[in-house]
Each structure stands twice: as structure tokens, then as C-alpha cells.
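# Structural features, examined
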Amino acid sequence: MRVHGGNIYQKEAMLDFSANINPLGMPESVRHAIIQSASDCICYPDPYCTKLTAGLAGYENISASRIVCGNGAADLIFRIVYAFAPERALIPAPSFSEYGAALKETGCFIQEYPLHLKEDTMLDEGFLSAIREDTDIVFLCTPNNPTGQRIPPGMLKNIAEKCRSTNTILVCDECFLQFTEQWEEYSLRKCLYENIIVLNAFTKLYAIPGLRLGYALCGSEQIADRLRKTGQFWSVSVPAQNAGIAALEETGWIEKTVQYVRAERRYLSDALRDAGLTVYDGTANFLLIQAPSDFGDVMEQKCILVRRCMDFHYLTPEHFRIAVRTHEENRAFIAAVKEVYSWQKQL
């Protein structure tokens, strides 16, 4: 059984720190668009997401013919894998499990590249050597889930150049990138070669995980066409399309989010370290920590749900991912942590 955060349906009355959603919540304009679209649900959704794609074209400064929308970024990950049916893939580990899940469904051989959790950057030059002539596809995640580390622009460009030379499809998942400072500098958007696909989603930034909405920026129209021909025809619902259109009209939302997340991430990091726990440096709206293996159980006893990370390759039962939530919620979480662990630090 695949494991992800946000499984609140089997855990009642829990404060959910397991799902990495914008702590500012859903913009009112997006909420209004969802409600207003209810009467339109008697019709099938536009299978080509025409209005949404046009809005994204202006927002991303790219031709609409190179944009494909999907039922969340996870839907697009599976569509990419089925569209290209790769035989050999390279992925960092630990990282988002849906890359491996999609690749395994098609019988692809997966080469994992272990990440350096305690270094400033998650990838070194060895990753470039791991991209071979027979590597059909590479998946990257920046900032990486669950470590929160970003790939430096120089390294990202070198990876893109190497994949271009080996005719390898490069998929860069940037669903959490807009939670970070100077995100445009760290994006692969400015290096969108014909073999590259950049993934993004409205899910996290605009707090609509229950709707599911993601999109792919493709380096060529040919790649985009292959993705459109893969997967279900009506992949994006009417409310999701309207929510996306409204979200694109929001101004200042990213800047406001980055500022809030930066302050709360620092607060959580300092407080968790003060409680004697290990916190890995990250840049996203979540933190990877190392704590006693019973940390998840102890927090659940206090009605707090955290993401256990033992199912991530190279992580252990002592690793947990903590979402950045509102300051009030973060304070409640830290109070619960310190109540249990601060006394142990003094022994």
C-alpha cells in the first residue's frame, strides 16, 4: 500500500502536519470560483482546458500548445511514464514515491542515486556521471520531497545539458518551488530544452488538494501532444479549471506565502532543535527531522499527525516530515513536542 501525507480520513480530530499545504489556506477568489462553478457541473469539463491553458500561457510566458493540464501533478507523472514507456530511469532517493510507482507499473529499470542529507545541496557531480546514453528518463524534484533541498541553478543547468546530449527525457518537479525565496532563479523554466518537462501544481500553493490540478510545461509541442494522448480524456474537472483560472489572477499571493513560510519554518526549526531533535536544513514549506522512532505515535496521542518517512528509500523509522502550518498551529505542535522531549534533553 502506498503511503502519503494528509490521510486524515482514518485519523479523526487530528491537527494535520503530514500534508504540505499553504498555511495561508485557499484564496477567497479561488473559493468563490469553485462555488460558482457548481451549476456548470451538469456539463462535461473542457478536455483541453482551453481557458485555463490560455491563462497559463500568459502566466508562464510559453505557447499554450506546450502546456498540458492534469488531475494533479501525480496524474501527469503517470501520463509521462506511459507516454514514453522508458526502459531505464534515474531518480534521486529519497524523493517523491510516485516517480518510482509510475515507473514500476511499466516495468522500467530504476537506478536510484542516494542523496546527501547533511550537505548544502542534495546532488553532487556524480549524478551527472549517472546519466548514461541508455538512460531514457530522469526525474528530479526541487525542492526535494521530503528533504526540502533545492538543486542549485548551475547544477540544474548541467543536468539539463547532460540529458540533452544523451537524448534523455528530463522531468523536473517544481510543485514546492514557489514556496521558496528567489524561486525563479532556481527554476528549470528558463532552460526548457526540447527534451524537458517541468511540473507544477495549484494543489499546494493555493490549498486545493481535494480538487487536484497540475500542469506540465513541455520543451516541445511533440512532447505535449504525446501527453495529451495519454490518460483519461476528461482529466480536469469543471471546478478545478475554474479554480485555476481564478488563482492565476491572484496578485502578491506567492510573495505573501514565501514571507510567511520563511518565518514559520525558522520558528519550527529553532524550536525543534531546542527540544533536542535533529532538523535538516530545507527551503520549502516542510521540514525533515530525525527523532525517536516512537515520535509519530507520541504525537498521535496528542492528536497531531506527522508524516512518517520510513517508506522513503534511505530513510529510517526515525525520520519524519513536518509541514509548516499557521503560527498558532505551529506553537501548539511545539508545545506538544517540548512537553515530551525537552526533559530528555536535560538528562
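The model shown is predicted, which means the values in this text are computed figures rather than measured ones.

Attention now moves to the overall build of the chain. The secondary structure content of the chain amounts to 12 helices and 13 strands. Taken against the 2.2 N^0.38 rule, which gives 20 Å for 347 residues, the C-alpha radius of gyration of the chain at 20 Å falls within 12% of a compact globule. Its C-alpha atoms put the chain at 60 × 55 × 35 Å along the principal axes. Taken across its 347 residues, the chain has 55% of its residues classed as buried.

With that out of the way, let us pick up the sheet that holds strand 9 (residues 278-279). Taken together, 4 strands build an open sheet; the order of strands is 9-10-13-12 and the sheet is antiparallel. Whereas interior strands pair on both sides, the edge strands pair on one side only; in this sheet they are strand 9 and strand 12 (307-308). Both strand 12 and strand 13 (residues 319-323) contribute to a ladder of 2 bridges, which runs antiparallel. When the bridges of strand 13 are listed, Arg-307 appears paired with Arg-321. Where helix 10 (residues 253-274) meets the sheet, its contacts fall on strand 9, strand 10 (286-290) and strand 13, and the angle it forms with strand 10 comes to roughly 10°.

For helix 6 (residues 153-165), built from 13 residues, the straight-helix expectation of 18 Å at 1.5 Å per residue is met to within 8% by its first-to-last C-alpha distance of 18 Å. Among the residues of helix 6, those classed as buried are Met-155, Leu-156, Ile-159, Ala-160 and Cys-163. Summarising the axial view, the buried residues of helix 6 lie within an arc of 140°, below the 170-degree limit, and thus occupy one face. The inward-facing, buried residues of helix 6 abut helix 5 (126-130), strand 5 (137-141), strand 6 (169-173) and strand 7 (196-201).

This part covers the sheet that holds strand 4 (residues 109-114). The 7 strands are arranged 2-8-7-6-5-3-4 in an open sheet whose pairing can be described as mixed. Each edge of the sheet is formed by a strand with only one pairing partner; in this case those strands are strand 2 (67-70) and strand 4. Within this sheet the neighbouring strands show an average axis-to-axis angle of 20°, counted without direction. Sitting on the sheet, helix 2 (residues 50-60) is in contact with strand 2, strand 7 and strand 8 (214-218), with an inclination near 125° to strand 2.

The next thing to look at is the packing of aromatic side chains. Geometrically, a pair of aromatic rings is defined through the distance of the ring centres and the angle of the planes. Enumeration according to the criterion identifies 14 aromatic pairs in this entry. Measuring from centroid to centroid gives 5.6 Å for Phe-202 and Tyr-215, while their planes differ by 55°, and the two rings are tilted. One end of the pair, Phe-202, is in helix 7 (residues 202-205); the other, Tyr-215, is in strand 8, and 13 residues separate them in sequence. Classification of Phe-202 as buried rests on a relative accessible area of 4%. Given a relative accessible area of 3%, Tyr-215 falls into the buried group. Taken together, the aromatic side chains of Phe-17, Phe-295, Phe-320 and Phe-333 make up a single cluster linked through ring pairs. The ring of Phe-286 is capped by Arg-321, whose NZ or CZ atom sits 6.0 Å from the centre of that ring.

Structurally, Thr-203 can be placed in helix 7. Residue contacts for Thr-203: discarding those within four places in its chain leaves Ile-21, Ile-208, Pro-209, Arg-212 and Leu-213.

On to the environment of Leu-76, then. Inspection of the secondary structure assignment puts Leu-76 in helix 3 (residues 73-84). Leu-76 gets classed as buried once you look at its relative accessible area, which sits at 1%. Along the backbone, Leu-76 and Arg-228 are 152 residues apart, and their C-alpha atoms lie at a distance of 9.8 Å. Excluding residues within four positions of it along the chain, Leu-76 makes contact with Val-68, Cys-69, Gly-70, Leu-199, Gly-214, Tyr-215 and Ala-216.

Criteria and thresholds
- Residues numbered from 1 in each chain as written.
- Predicted model: local features only at pLDDT ≥ 70, side-chain atom pairs only at ≥ 80, totals over all residues.
- Heavy atoms only, no water.
- Helix = DSSP H or I, 4+ residues; strand = E, 2+ residues; numbered from the N terminus.
- Rg over C-alpha atoms; globule rule 2.2 N^0.38 Å.
- Buried < 20%, exposed > 50% of the residue type's maximum accessible area, 1.4 Å probe, protein only.
- Pairing = 2+ DSSP bridges.
- Contact = heavy atoms within 4.5 Å.
- Axes fitted to C-alpha atoms, helices over the stretch in contact; angles between N-to-C directions.
- Expected span 1.5 Å × (residues − 1).
- Arc of directions from axis to C-beta.
- Phe/Tyr/Trp six-rings, centres within 6.5 Å; stacked < 30°, edge-to-face > 60°.
- Lys NZ or Arg CZ within 6 Å of the ring centre and 35° of its normal.

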